[in-house]
Amino acid sequence: NWNQETQELELIDNVVYKNTNGDNSTSDKAYWMADDPRTHDVKAPAPKNAMKKPMGQPLIWLMGNVRLFRESGENLTSTLAIWNDKTQILDTQGSVVLTSEENRVTANSIKFDRLGSHAYAAGGVTVTSKNVTAHSETLDYDNKTKTMYGFGNIVITSGGNSASAKSYEYNLDTKRV
């Protein structure tokens, strides 16, 4: 359904979307709309709340049963994903699960910056890598150094051992905490 006045497109039922960065996505429902070019504010995707012209940055809202298959090999599931096609920023929310070859990350939200060089997870973050599990409130990931930084109420378990801390650093290449 295309709304010419609000410049909004609604796609319903089993949406398949290929992002401009090569990632593939599926969801139950999707909206294409733009943010306000003056403030970059975005309201909930619905015709009554859509922005009026002039157009800002194009946003793709994927809602319900969202699955993203990233070019980098990770798979991601969530209940909501917002893709900014201009800035290449992906913001996922609602029971997010990110899986890669060796790791699994669960959180309430994960935001990826341009080209996936940095990610930020928040809300009940759990990272599982082979026999190590780390729980934290937030997590920063630097793809350049392959390093995760966990902050807040840290509990790390490995085998029968556990440790608690305020923060941790984990390098995916060296496997050192």
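Overview of the structure. The model shown is predicted, which means the values in this text are computed figures rather than measured ones.

Conventions and cut-offs
Residues numbered from 1 in each chain as written. Predicted model: local features only at pLDDT ≥ 70, side-chain atom pairs only at ≥ 80, totals over all residues. Heavy atoms only, no water. Core = buried A, V, L, I, M, F, W, Y, C linked by side-chain atoms within 4.5 Å. Buried < 20%, exposed > 50% of the residue type's maximum accessible area, 1.4 Å probe, protein only. Contact = heavy atoms within 4.5 Å. Helix = DSSP H or I, 4+ residues; strand = E, 2+ residues; numbered from the N terminus. Pairing = 2+ DSSP bridges. Polar contact = N/O pair within 3.5 Å; in protein donor to acceptor, adjacent residues only side chain to side chain.

### A word on the nonpolar core
So, point 1. Judged by nonpolar contacts, the single largest core of 31 residues is most densely connected at Ile110, Leu139 and Tyr168.
So, point 2. Not counting the four nearest positions on each side in its chain, isoleucine 110 is found in contact with Leu90, Asp91, Thr92, Val96, Leu98, Val105, Ala119, Tyr120 and Ala121.
So, point 3. By size, the runner-up hydrophobic cluster in this structure holds 5 residues, among which are Tyr31, Leu59, Trp61 and Ile82.

### Remarks on the environment of aspartate 173
So, point 1. Structurally, the position occupied by aspartate 173 is in the segment after strand 11 (161-171).
So, point 2. By relative accessible area, aspartate 173 is classed as exposed at 58%.

### Quick word on the pairing of strand 7 (residues 103-112)
So, point 1. Here strand 6 (residues 89-99) runs beside strand 7; their pairing, made up of 8 bridges, is antiparallel. Among the inter-strand pairings, valine 97 is bridged to a residue of strand 7, identified as threonine 106.
So, point 2. Counting the residues that bridge the hairpin from strand 6 to strand 7 gives 3 residues.
So, point 3. In the sheet, strand 7 pairs with strand 8 (residues 118-129) via 8 bridges, with the strands oriented antiparallel. Among the inter-strand pairings, arginine 104 is bridged to a residue of strand 8, identified as threonine 128.

### Structural notes on unusual backbone geometry
So, point 1. Unusually for a residue other than glycine, serine 95 sits at a positive phi of about 50°.
So, point 2. Within the secondary structure, serine 95 is located in strand 6.
So, point 3. For serine 95, a relative accessible area of 57% translates into the label exposed.
So, point 4. Of note, asparagine 153 is a non-glycine position whose phi angle comes to about 45°, a positive value.
So, point 5. On the secondary structure map, asparagine 153 appears in strand 10 (residues 147-158).

### Comments concerning the side chain of serine 25
So, point 1. Within the secondary structure layout, serine 25 lies in strand 3 (residues 24-34).
So, point 2. Relative accessible area serves as the criterion here: at 1%, serine 25 is assigned to the buried category.
So, point 3. Every residue in contact with serine 25, bar those within four places of it in the chain, is listed here: Val15, Val16, Tyr17, Asn19, Leu62, Arg67 and Leu68.

### A short note on the environment of alanine 122
So, point 1. One can find alanine 122 in strand 8.
So, point 2. Excluding residues that lie within four positions of it along the chain, alanine 122 makes contacts with Ala107, Asn108, Ser109, Glu137 and Thr138.

### Regarding the side chain of asparagine 171
So, point 1. Looking at the secondary structure, you find asparagine 171 in strand 11.
So, point 2. Within polar-contact distance, the side chain of asparagine 171 engages the backbone nitrogen of threonine 174 at 2.9 Å.

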